[in-house]
Amino acid sequence: MFKKISALLLLVLVIFLIGLFISRSQSEVSTTFVSPTVSAFRQTLTKEKSTTTAPNPAPTMPMIGENLPEEDCWNKLSAQVQEGEFVRQNREAWQSLVGEWYYGPDGDALNTPETSAPGMFMQALLFSGQLYGQLLYESQEERALDLFEKVYALDPGNSAPLIYAAMIESKRGNEAEAQRLFAMAQNSNRFDTYIMTVSKSIFSQVRSSSDLIQAYAFWSHLPGPDYAAITKYLKARDSRIFAEQMTRAGLDEKNVLADIDWFALEYAVGFAIENKLNPNNKLPNYKEIVEKKNQQSPFSNEKMLAALKKKCDLSSLDEFTNEFRAYMNKK
């Protein structure tokens, strides 16, 4: 389906019921960090994949606890500012990256001509049934393959469109084409689902504590790539290069903010693949990498949660928001 271009080969909310990593990850994810990525990860682990809703229902706070006062406060504040001015003012700009169909129930993916690499990639995932949180009742795999080919043409260093396309061909029984695409992907230099491109476009617009809560709430309900199938597919093949690509951002000392600098779920997938190939690897596991990033962060989620526990009010987040804005301004 793909024709070679001179250069060879852009990030969603994963069935990890394989090996010790799976059982370990289930407990770690449920107590450490939440975002669209982790919420989707947790749901997939428990086989609660929804066919009609986004991959990441509540809670939408950056840190997670079961029935904690901080969580109750975050949910209360989220309800107060839900779908406020922040979303209304920025929705049009976000739709220039990925069409309206991606952000809410009113869009028409079938009749939205995407032109950006992120938009075409997300649409291709949808058409092939690989977008976690949204479902087309009639698969359109040929359209998906055409879109993945266009993404590859725009972004030839990216392995993601090639791998997802290979998965489609493999499912259709076209193993020769699947192998060709997989081999091309092995010559790539990074794995990018563009999910962080979407995230950065949202969080870069945060100007106030109200914006911050709305950004987390909005981001947490967006669809994301289905990492379950890709994990299973890559584990069955010589995929060490993709494990390295997926864990690279998380291992970079400069990248400290999850979903902005590095993608936590993607790291977990890369770790799972590497762990299958090399059980004695020295990579930090999911919990270890999150704890390390929290220690390295220029601002502390713990500080924010402590403030909310002391006083459940938007003003309690002002210091955290200012630090967040300063960090984002440097990106």
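Since we're looking at a predicted model, the values are computed, not measured. (Residues numbered from 1 in each chain as written. Predicted model: local features only at pLDDT ≥ 70, side-chain atom pairs only at ≥ 80, totals over all residues. Heavy atoms only, no water.)

Trainee: Sorry, what's going on with the state of the cysteines here?
Mentor: Covalently bonding the sulfur atom of one cysteine to the sulfur atom of another cysteine gives a disulfide. Evaluated as defined, the whole model comprises 1 disulfide. Each disulfide pairs two cysteine sulfurs, and for C73 the partner residue is C312, the sulfurs being separated by 2.2 Å. With the S-S dihedral at roughly 105 degrees, the linkage between C73 and C312 falls on the right-handed side. One end of the pair, C73, is in helix α3 (residues 69-81); the other, C312, is in the loop between α16 (301-310) and α17 (318-329), with 239 residues separating them in the sequence. Relative accessible area serves as the criterion here: at 3%, C73 is assigned to the buried category. A relative accessible area of 32% means that C312 is categorised as partly exposed. (Disulfide = S-S within 2.5 Å. Helix = DSSP H or I, 4+ residues; strand = E, 2+ residues; numbered from the N terminus. Buried < 20%, exposed > 50% of the residue type's maximum accessible area, 1.4 Å probe, protein only.)

Trainee: What am I meant to see in the pattern of salt bridges here?
Mentor: Two side chains carrying opposite charge are able to pair once their charged atoms lie near each other. For the structure shown, the criterion picks out 13 salt bridges. The partner of R88 in a salt bridge is E85, with the nearest N and O atoms 2.7 Å apart. Separated by 3 residues within a single helix, R88 and E85 lie in helix α4 (residues 85-95), roughly one turn from each other. The class of R88 is exposed, set by a relative accessible area of 52%. The shortest N-O distance in the salt bridge between K254 and D252 comes to 3.2 Å. The exposure class assigned to K254 is exposed, which follows from its relative accessible area of 65%. Here the salt bridges do not stand alone but share partners, grouping E141, E142, E169, K171 and R172 into one network. (Salt bridge = Lys/Arg side-chain N within 4 Å of Asp/Glu carboxyl O.)

Trainee: Help me out: how do you make sense of unusual backbone geometry in this one?
Mentor: In terms of backbone geometry, most residues other than glycine have negative phi values and most peptide bonds are trans. Located in the positive-phi region is Y194, a residue other than glycine, with phi close to 70 degrees. Relative to the elements of secondary structure, Y194 occurs in the loop between α9 (175-185) and α10 (195-203). Of note, D259 is a non-glycine position whose phi angle comes to about 70 degrees, a positive value. Tracing the backbone shows D259 in the loop between α13 (240-251) and α14 (264-277).

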